[in-house]
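Residue strings, one per chain:
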Amino acid sequence: MSIRAEPALAAVPMFKLGAMECAASCIMTYLRIAGREPGCFLLDYWNLNCVSGLLVSSRNVRLNQALSDLYGIRLELAKGCPDSLRTALRQGHCALVQARASRLRFFPPQMLGHEESGFEHFVLAVGAGERDGLVRVVDPIAGFAGTMTADQLLEASPVSPELAYYVLAEKPGRMSGPTREEMFAYAAGRNYDRYVRARHSSGIYAYERFEEALERSAEADRASRDGWVYRNNVTLSSIVKARPAVWNSFAELGLLDGDAVRTGSERVREIANGWTSLSLLLIKYKNDAGERSRLEAVRRKLRELREAETEFLAWMNRLGCAYGAG
């Protein structure tokens, strides 16, 4: 998807999915700029991963398929100097640019706690000046819309003296997108399969990896444990926000009857409340780590969440199979 008319930065409609959702937030902001419906991007975004002992709902940008399958937009990985990025922007494209958040002059310092855990950060480049060479940049997580010089881009780059970025480009020859029924069936099936058939530290196995991290935290010093709990509180807040957003994207397809909408809404509300409860239980554990019952309370909540999410995704998959068969 090319955007020939560069948007006025002050009017860029930013979309912030959650604190650790920089790539998804940039992509949804791009879709809004391009005049596409961004909600469909979230249809297959029911994720769970355990990264560096933290539970997160974000997905590696390289594993994204919704842009290609639902929108006909591909992510083209590129590395090069700022001039190569500016060339792509002047051709009418936007780009996801990888950056170290701590080296961005506009990024709030209080939001930097997760960089040391290895989390990537992205900003959205939406245009480049013909004369001044400045790159127009949007960062939905930081709430920033402004410009960056070539030196500033290189300073923030994790692969300096080059830039790493993904050009967003429309697939050639694409005539029409999938139907609502096809989107529902596709996304519900992918959400369920990725969750129950995942490996290592994703889906249902994320709970196991997190329990291992929980045990390690019990043996850690107070400062390390407090930092670990705080970082999880931030990532869990993103899960709480992302779960209803994914469900709403299904409901807004307009395929579900009233009973199904009420059932799904209630299930997702209970799931989101469960993640909030887990965050609170971690705070109680942090404040009284020597009490074994605090650990057991966290474990029980993890089991409840795993069961509730698996049952919900199975229910959605059954609905999707019905639409797919039709």
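Not measured: the values here are computed from a predicted model.

Colleague: Looking at this structure, I do not really get the overall build of the protein chain. What am I missing?
Modeller: Secondary structure summary: the protein chain contains nine helices and eight strands in total. With the C-alpha coordinates aligned to their principal axes, the bounding extent of the protein chain is approximately 65 × 55 × 30 Å. Within the protein chain, the proportion of its 326 residues that are buried is 52%. Approximately 14,500 Å² of the protein chain is accessible, and the part contributed by carbon and sulfur atoms is 48%.

Colleague: Could you clarify how one ought to interpret the pairing of strand β7 (residues 144–148) in this entry?
Modeller: Alignment of strand β6 (residues 135–139) against β7, held across five bridges, turns out to be antiparallel. Considered in β7, the bridge of Val-135 is made with Met-148. Taking the residues that link successive antiparallel strands as the turn, the β6-β7 hairpin has four residues, and the phi of Gly-143 there is positive, at about 70°.

Colleague: Just to check I follow, could you spell out the side chain of Asn-233 for this structure?
Modeller: As for its placement among the helices and strands, Asn-233 is situated in helix α7 (residues 222–251). Not counting the four nearest positions on each side in its chain, Asn-233 is found in contact with Ser-279, Leu-282 and Ile-283.

Colleague: What is the right way to look at the sheet that holds strand β5 (residues 121–128) in this model?
Modeller: Hydrogen bonds between backbone groups are what pair the strands of a sheet, and the pairing can be parallel or antiparallel. If you walk across this open sheet you meet the six strands as β3-β8-β4-β5-β6-β7, and the pairing is antiparallel. Unpaired on one side and paired on the other, β3 (73–80) and β7 mark the two borders of the sheet. Each strand of the sheet is rotated relative to its neighbour by a mean of 30°, with strand direction disregarded. In this sheet, β6 lies alongside β5 in antiparallel orientation, the contact comprising four bridges. Among the inter-strand pairings, Ala-125 is bridged to a residue of β6, identified as Val-137. Sheet contacts for helix α1 (residues 22–33): β3, β4 (94–99), β5, β6 and β8 (163–170); angle to β5, the most-contacted strand, approximately 25°.

Colleague: Please clarify how unusual backbone geometry should be interpreted in this entry.
Modeller: Most peptide bonds are trans, and most residues other than glycine sit at a negative phi. Of the consecutive residues Ser-160 and Pro-161, the connecting peptide bond is found in the cis state with omega at 20°. Tracing the backbone through its elements, the reader meets Pro-161 in the loop between α4 (150–156) and β8. In the Ramachandran plot, Ser-52 falls in the positive-phi region, its phi being about 55° despite a non-glycine side chain.

Colleague: Is there a simple way to explain the pattern of salt bridges in this structure?
Modeller: It is possible for side chains bearing opposite charge to pair when their charged atoms get close. All told, the structure shown has 18 salt bridges when counted by the stated rule. Put simply, Glu-215 and Arg-299 hold a salt bridge, and the shortest N to O gap is 1.8 Å. Note that Glu-215 is positioned in helix α6 (residues 204–219) and Arg-299 in helix α9 (residues 292–325), a separation of 84 residues in sequence. Across the salt bridge formed by Arg-294 and Asp-288, the nearest N and O atoms sit 3.8 Å from each other.

Colleague: Quick question: what am I supposed to make of the confidence of the model for the protein chain here?
Modeller: In low-pLDDT segments, the atomic positions of the prediction should not be examined closely. Averaged over all residues, the pLDDT of the protein chain is 89; the fraction at 70 or higher stands at 92%. Ranking the helices and strands of the protein chain by mean pLDDT puts helix α8 (residues 258–287) first, with 97, and helix α2 (residues 66–71) last, with 84. Low pLDDT, under 50, characterises residues 1–8; the stretch is placed with 24 contacts to residues that sit more than four places away or in other chains.

Colleague: I would appreciate a short explanation of the packing of α6 against α7 in the present structure.
Modeller: For any two helices packed against each other, the geometry is given by the interaxial angle and the distance between the axes. Viewed as axis vectors pointing N to C, α6 and α7 meet at an angle of 150°, and their least axial separation amounts to 9 Å. Classified by the angle between their axes, α6 and α7 sit roughly antiparallel to one another. By crossing handedness, the relation of α6 to α7 is classed as left-handed. Judged by residue contacts, Phe-210, Ala-213, Leu-214, Ser-217 and Ala-218 of α6 engage Arg-225, Trp-228 and Asn-232 from α7. The residue makeup of the contact of α6 with α7, split by class, is five nonpolar, two polar and one charged.

Colleague: I keep staring at α8 and nothing clicks. Help me out?
Modeller: In an α-helix there are 3.6 residues to a turn, and that puts residues three or four apart on one side. The end-to-end C-alpha distance of α8 is 44 Å, a good match for the 44 Å that 30 residues give at a rise of 1.5 Å each. Residues Ala-260, Gly-264, Val-268, Ile-271, Ala-272, Gly-274, Trp-275, Leu-278, Ser-279, Leu-281, Leu-282 and Tyr-285 constitute the buried set of α8. The backbone nitrogen of Asp-259 lies 3.2 Å from a side-chain oxygen of the residue at the head of α8, namely Asp-257.

Here is what the cut-offs are and how they apply
Residues numbered from 1 in each chain as written. Predicted model: local features only at pLDDT ≥ 70, side-chain atom pairs only at ≥ 80, totals over all residues. Heavy atoms only, no water. Helix = DSSP H or I, 4+ residues; strand = E, 2+ residues; numbered from the N terminus. Buried < 20%, exposed > 50% of the residue type's maximum accessible area, 1.4 Å probe, protein only. Areas by Shrake-Rupley, 256 points an atom, 1.4 Å probe, with all protein chains shown as cover. Pairing = 2+ DSSP bridges. Contact = heavy atoms within 4.5 Å. Axes fitted to C-alpha atoms, helices over the stretch in contact; angles between N-to-C directions. Salt bridge = Lys/Arg side-chain N within 4 Å of Asp/Glu carboxyl O. pLDDT = per-residue confidence, 0-100. Parallel < 35°, antiparallel > 145°, perpendicular 65-115°, else oblique. Left-handed = near helix turned anticlockwise from the far one by under 90°. Nonpolar A, V, L, I, M, F, W, Y, C, P; charged D, E, K, R; others polar. Expected span 1.5 Å × (residues − 1). Polar contact = N/O pair within 3.5 Å; in protein donor to acceptor, adjacent residues only side chain to side chain.

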